[in-house]
Amino acid sequence: MKTLVQVLTAILLSTITSTVFAQTIGIKAGYTLSDMLIKEDGEIMNEALNMRSGLHFGPTFEWGIGEGAGIETALLLTTKGIKMNESDSFEDIAYSINSKVNLWYLDIPVFGKLYTNVNDIKVYGMFGPYIGIGLNGKTKVEETNGTENFSEEWDIVWGANEDDDLKRLGLGLAVGGGIEVSSFVVEFTSHFGLNNISPQADDNVVARNRSFMFSLGYKFRK
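Keep in mind the model is a prediction, meaning the values are calculated, not measured. (Residues numbered from 1 in each chain as written. Predicted model: local features only at pLDDT ≥ 70, side-chain atom pairs only at ≥ 80, totals over all residues. Heavy atoms only, no water.)

Enquirer: Give me the overall build of the chain: which residues, what numbers.
Expert: Regarding its fold elements, the chain presents 1 helix and 12 strands. Long-range contacts, defined as pairs at least 24 residues apart, comprise 65% of the intrachain contacts of the chain with a sequence gap of at least 6. Summing over all exposed atoms, the chain offers an accessible surface of approximately 12,500 Å²; the carbon and sulfur share of this is 60%. (Helix = DSSP H or I, 4+ residues; strand = E, 2+ residues; numbered from the N terminus. Contact = heavy atoms within 4.5 Å. Areas by Shrake-Rupley, 256 points an atom, 1.4 Å probe, with all protein chains shown as cover.)

Enquirer: Tell me what's going on with the pattern of salt bridges, and back it up with residues and numbers.
Expert: Once their charged atoms are close, side chains differing in charge can pair, the charge on each being opposite to the other. The full count for this structure, using the stated rule, is 10 salt bridges. The closest approach of N and O atoms between E187 and K28, which form a salt bridge, is 2.7 Å. Of this pair, E187 sits in strand 11 (residues 184-193) while K28 sits in strand 1 (residues 24-40), and the two are 159 residues apart along the sequence. Here E72 and K113 are joined by a salt bridge, their closest N and O atoms 3.0 Å apart. Remark: K113 occurs in strand 7 (residues 93-118) and E72 occurs in strand 5 (residues 69-74); sequence separation between them is 41 residues. Just as E72 is buried, K113 falls in that class too. Through salt bridges that share partners, K28, E62, E72, K113, E180, E187 and K219 make up one connected network. (Salt bridge = Lys/Arg side-chain N within 4 Å of Asp/Glu carboxyl O. Buried < 20%, exposed > 50% of the residue type's maximum accessible area, 1.4 Å probe, protein only.)

Enquirer: Would you mind going over the pairing of strand 8 (residues 121-145) in detail, with residue names and values included?
Expert: In the sheet, strand 8 pairs with strand 10 (residues 169-181) via 13 bridges, with the strands oriented antiparallel. Bridged to M126 within strand 10 is G176. In this sheet, strand 9 (residues 148-155) lies alongside strand 8 in antiparallel orientation, the contact comprising 8 bridges. Considered in strand 9, the bridge of K138 is made with D155. (Pairing = 2+ DSSP bridges.)

Enquirer: Pulling in residues and values, what's your account of the environment of L103?
Expert: Examined against the element boundaries, L103 turns out to sit in strand 7. Each residue touching L103, except ones within four places of it in the same chain, is listed here: M36, T78, T79, K80, G81, N136, G137, I156, W158 and L166.

Enquirer: An account of the nonpolar core is requested, with residue identities and associated values reported.
Expert: By size, the foremost hydrophobic cluster in this structure holds 12 residues: M36, I38, L49, I82, V101, L103, Y105, I156, W158, L166, I197 and A207. Broken down by secondary-structure element, the contributors of at least two residues to this core are strand 1 and strand 7. A total of 3 residues in this core trace back to one element, the largest contributor, which is strand 7. Contacts of I156, omitting those with residues within four sequence positions, involve V101, L103, G137, K138, T139, D165 and L166. Judged by nonpolar contacts, the second largest core, of 7 residues, contains F111, M126, Y130 and A174. (Core = buried A, V, L, I, M, F, W, Y, C linked by side-chain atoms within 4.5 Å.)

Enquirer: Summarise the confidence of the model for the chain; cite the residues concerned and give the values.
Expert: Overall, the predicted model of the chain reaches an average pLDDT of 85, with 83% of residues at or above 70. At the level of individual helices and strands, the chain shows its lowest average pLDDT in helix 1 (residues 2-21), which scores 52, and its highest in strand 11, which scores 96. (pLDDT = per-residue confidence, 0-100.)

Enquirer: Could you give me a rundown of the environment of L77, with the residues and numbers involved?
Expert: Of note, L77 is situated in strand 6 (residues 76-90). Residue L77 is classed as partly exposed on the basis of its relative accessible area, which comes to 31%. Sequence-distant contacts of L77, that is, excluding residues within four places in its chain, are made with L55, H56, F57, W104, Y105, L106 and L135.

Enquirer: Report on a nonpolar patch on the surface, specifying residues and quantitative values.
Expert: Together, V118, I121, V123, I179, V181, V186 and L216 give the surface a local cluster of nonpolar side chains, amounting to about 520 Å² of exposed area. Mapped by element, the contributors of at least two residues to the nonpolar patch are strand 8 and strand 10. Relative to the assigned elements, L216 resides in strand 12 (residues 205-220). L216 sits in the exposed class, given a relative accessible area of 57%. (Patch = residues over 30% accessible without salt bridge, like charges linked within 9 Å, V, L, I, M, F, W, Y side chains within 5 Å.)

Enquirer: Outline the packing of aromatic side chains, listing residues and values.
Expert: On inspection of all chains with the given rule, the structure shows 7 aromatic pairs. Considering the side-chain rings of Y115 and Y124, the 5.4 Å spacing of their centres and the 50° angle between planes classify their relative orientation as tilted. Looking at Y124, the relative accessible area reads 5%, which means it is buried. Consider the rings of F184 and Y218, whose centres lie 5.0 Å apart with planes at 65°: the pair is edge-to-face. In this pair, F184 is assigned in strand 11 and Y218 in strand 12, connecting sequence segments 34 residues apart. Residue class for F184 comes out exposed when judged on its relative accessible area of 53%. (Phe/Tyr/Trp six-rings, centres within 6.5 Å; stacked < 30°, edge-to-face > 60°.)

Pasting the structure below:
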């Protein structure tokens, strides 16, 4: 917790600095589709997993570094996680299990951007690393067994110990692009986790976040 407070304090200070010195400040929000790449003993275990719908929003800060190029960062509150749906029957009794892992992250990307102009529209591509900091999370399991229903919910325990659920810090790469018309932005980005966020590394379990973001934004010109 002490480390998290220090990280969030540093982020707050960098945000204040960015607000003062950024050439363009904006805001971004949109729809997120997320899941995880999960492996156990090298075998991909994603057959029963489905993508989870969510959202993202936050401020953006951009600096021009020459004609047709720039650097952008952001502080995005982002939902991530997975869904799992399983159903079967045994002796004519149907049962199903629906599980959801709902995670809130603070994502901090650093994108290099290249622009080109098409009439009055700016078209751009972007690529760069990001840091994801796990803030909160819950797991919910609903089970139906014949006519009986069961439901259970518990908080995600963040940490690197064997008994924890997920490591708090995620690192990854993102790639995307969009268009800018006047001060309005339409954008798509794909985010791929690079580090293993599963604490059960000794059991050969690997988990990496993946997400796809569809965003609308607005830039406040100075």
